[in-house]
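Now for the letters of each chain:
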Amino acid sequence: MEFSNQQKLIITLLTDIHAHLGIDNSVDPVFVQRMVRGGHGWALGWAYPGLLEDGIEPPETVTFVAEVLTMWEAIEEAYAGFDQAQKDRLAELAPAFGHDPRFCGFDGSHEADLREIVHILVDDLNRWPIFKGRNTDSHRILADGYRRMLAVYERISNNTSHASRLSVEALAKILNARIIPKSSMELDANVLRWA
């Protein structure tokens, strides 16, 4: 949901009045103003379902971040349920990322829009509480690695029941998908690049 400059001005004035009057049990004027000014009108539909038009599709970036958060929640919950032997096996099968896998966010410089969406979804809208209060600045670009992981995660989750947690082998496949595929230009078979 996009707002014109005139609509932004009107919303700003109305939310200022709303806040000044101290009206409780209604919309949060500070949140509304911040979402409108920041170009995150989609968040208003998530925060106040039924208040705005139904059927408004969130931007593709919001859908992507939501899918990443869902995947990482499943990864972290599965890992938390493993015994030490399973954790050791995962570290063996996924040596690059199998040691205590945790969602570390997006790059604050190059993926700031994605990181902002994480903040809105987790901290403002109270979705995915497992990540609340976590520093989500990864200090490295991770979106492409997450896309590769999502492709594997979706294949695996489509073939398993939602009640079952990810197995060690399934989790290893997902985590290993984060590794950047070797370029045909690289000659050294031992060189791995990470995303």
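Residues numbered from 1 in each chain as written. Predicted model: local features only at pLDDT ≥ 70, side-chain atom pairs only at ≥ 80, totals over all residues. Heavy atoms only, no water.

## Observations concerning the packing of aromatic side chains
Stage number 1. Taken as a whole and assessed by the stated rule, the structure comprises 10 aromatic pairs.
Stage number 2. With a centroid separation of 6.4 Å and an interplanar angle of 70 degrees, the aromatic rings of Phe-31 and Tyr-48 are classed as edge-to-face. Residue Phe-31 is found in helix H2 (residues 29–37), and its partner Tyr-48 is found in the loop between helix H3 (42–47) and helix H4 (60–80); the two are separated by 17 residues along the sequence. You'll find Phe-31 and Tyr-48 in the same group, each marked buried.
Stage number 3. What links up through ring pairs into an aromatic cluster is the set Phe-64, Trp-72, Phe-103, Phe-106, Phe-131 and Tyr-146. (Phe/Tyr/Trp six-rings, centres within 6.5 Å; stacked < 30°, edge-to-face > 60°. Helix = DSSP H or I, 4+ residues; strand = E, 2+ residues; numbered from the N terminus. Buried < 20%, exposed > 50% of the residue type's maximum accessible area, 1.4 Å probe, protein only.)

## What about the layout of surface pockets?
Stage number 1. For the largest pocket, the calculated volume is near 220 Å³.
Stage number 2. Lining the largest pocket are 13 residues, with Ile-11, Leu-14, Thr-15, Val-27 and Val-32 positioned closest to its centre.
Stage number 3. Looking at side-chain class alone, the lining of the largest pocket contains 11 nonpolar, two polar and no charged residues. (1 Å grid on protein atoms, 1.4 Å probe; cavity = no way out; pocket = protein on both sides within 12 Å on 5 of 7 lines; lining within 4 Å. Points joined across faces, edges and corners; volume = space filled by probe spheres on them. Nonpolar A, V, L, I, M, F, W, Y, C, P; charged D, E, K, R; others polar.)

## Here we look at helix H7 (residues 143–158)
Stage number 1. Between the first and last C-alpha of H7 there are 22 Å, a value that for 16 residues agrees with the 22 Å anticipated at 1.5 Å per step.
Stage number 2. What H7 keeps buried is the set Ala-143, Gly-145, Tyr-146, Met-149, Leu-150, Val-152, Tyr-153, Ile-156 and Ser-157.
Stage number 3. Where H7 is buried, its residues contact H4, helix H6 (112–124) and helix H8 (168–176). (Expected span 1.5 Å × (residues − 1). Contact = heavy atoms within 4.5 Å.)

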